Amino acid sequence: MRSGTVRAWSRVHTWSSLISTVFLLMLCVTGLPLVFAHEIDEVLLHQDWSPTHADGRRLDLDQVLDAALARHPGDVPTFMSFDTDRPVVNVTSRAPDAPAGAYNFQPIDQTSGEAAPLVAGHPVMEFILQLHTDLFLGLGGMLFLGLMGLMLLVAVVSGVVLYAPFMRRLPFGTVRAERSARTRWLDWHNLLGIVTVAWVVVVGATGVVNTLAVPIIAHWKDTALADLAAAYDGPVALDERASLDAAVNRAREALPGMTLQFVAFPGSDYSTDNHYAVFFHGDTPVTTHLITPALIDARTGELAAVAPMPWYVKALSLSQPLHFGDYGGLGLKIVWAVLDLITIVILGSGLYLWIVRRRRAR
Amino acid sequence: MSPRDQGLWRIFRLPLLIGVVSLIGLVGALLGDGLWDGLGAALLAGGLALATAAWARQRSGTRKT
């Protein structure tokens, strides 16, 4: 490689890294506890609990919804999801005049309609998650972090290109421990950087895709659900709605063999103003991450459509596990954490190398 | 240490192997179940182990000379 070319790549590497390092360090530090969010929530929120009527009596979903809304009069329901290991239905609702992003989340004991204890989303973990997702700045913060993720990918590509001239005369694995701190850290930076490339690219690229979740879902709604949305002039009022329980059963008939995951109510981000969108997932390792909705007319309770997700929503769905590292048991999470720590060392050593070189240049 | 410049293949063959093994682990754990979960973590960690082994070998090599 000609020295001019090396200098150009070096400049790309320096600047893409410098712009993003502070944010990437934040993402790595907050990401570390998030890898173990499930385990940490289990410890922080541990509480002995059993359903009121363990013998099997279950309220139907309309009764559960009524019980939840009775605790927050005036709220409009947005989502309903289902715990897999206890008879609990989670109802998300919001006051019509609430600021964006302000929701009421209630786990409800399906055997009695009483409140059940929270098992996920401890306030501390929610704080860390929000910081990691959007810096508390909403969509703008999310997209900004996506841009930082793109910077990371540029830094990785330029780093790989620069690896060649640096390693021309050094065998793989060399760390010149007897040389100056600068040389030693350069070798560590190169070695750790090159062995973590695959993981960093996968976590970085899927992270960027995740920052696009809001526009991706909005685009899906505007295109795939456009015809359904056009069927009515105004949104369906709360007292015009057909039975939710019957709607979910109708959806089950339309998608036999799939597992119920959540319901998006009319007017929420995942549905039209006039339909219950009932989402199911498959049961193979991959299809558990992929969702398919059946849309039920909220006025009549009739099946309006089954809408398989387009490729870009599937890409978003698969980006989530690949970014979180929560799809292969505790072993994978531990490796994820080790790689995260190594990435912090790479970022820190890169910053150190830049500072030392700048001091020398003066 | 060889004074001769290495070609791209020599420079990148081990990093490439580590990258491919890591990717098989990452995707394998997503596509597979049960056994693949442990195997995926092992393959991903295997890349790090390979790098550690290469580092240890280089270190002992430079000490001897």
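What follows covers the packing of helix α7 (residues 197-211) of chain A against helix α1 (residues 8-31) of chain B. In a pair of packed helices, the angle between the axes and the distance between the axes together describe the arrangement. Where α7(A) contacts α1(B), the two axes come as close as 8 Å, and the packing angle between them is 45 degrees. One way to sum up the angle between α7(A) and α1(B) is to call them oblique. Only B:Gly19, B:Ser22, B:Leu23 and B:Leu26 of α1(B) make contact with α7(A), whose side of the interface consists of A:Ala198, A:Trp199 and A:Val202. Split by residue class, the contact of α7(A) with α1(B) holds five nonpolar, two polar and no charged.

Right, let's get into the domain arrangement of chain A. Along its sequence, chain A is carved into domain 1 (3-40 + 128-210 + 324-361), domain 2 (46-119) and domain 3 (226-306). Between the C-alpha centres of domain 1 of chain A and domain 2 of chain A there is a distance of 41 Å.

On to the nonpolar core. Judged by nonpolar contacts, the single largest core of 41 residues is most densely connected at A:Phe172, A:Val195, A:Trp199, A:Tyr327, A:Trp336 and B:Leu44. Looking at this core, the elements that each hand over two or more residues are α1 (3-35), α5 (138-166), α6 (181-195), α7 and α12 (329-361) of chain A together with α1 and α2 (35-64) of chain B. Counting residues per element, this core draws most heavily on α12(A), at seven residues. Among residues more than four places away in sequence, those in contact with A:Trp199 are A:Trp336, A:Leu339, A:Asp340, A:Thr343, B:Leu26 and B:Leu44. Ranked by size, the runner-up nonpolar core spans 26 residues in total, among them A:Leu244, A:Phe265, A:Ala294 and A:Ile296.

Rules used in this analysis
- Residues numbered from 1 in each chain as written.
- Chains lettered and ligands numbered in written order.
- Predicted model: local features only at pLDDT ≥ 70, side-chain atom pairs only at ≥ 80, totals over all residues.
- Heavy atoms only, no water.
- Axes fitted to C-alpha atoms, helices over the stretch in contact; angles between N-to-C directions.
- Helix = DSSP H or I, 4+ residues; strand = E, 2+ residues; numbered from the N terminus.
- Parallel < 35°, antiparallel > 145°, perpendicular 65-115°, else oblique.
- Contact = heavy atoms within 4.5 Å.
- Nonpolar A, V, L, I, M, F, W, Y, C, P; charged D, E, K, R; others polar.
- Domains from an automatic or database assignment.
- Core = buried A, V, L, I, M, F, W, Y, C linked by side-chain atoms within 4.5 Å.
- Buried < 20%, exposed > 50% of the residue type's maximum accessible area, 1.4 Å probe, protein only.

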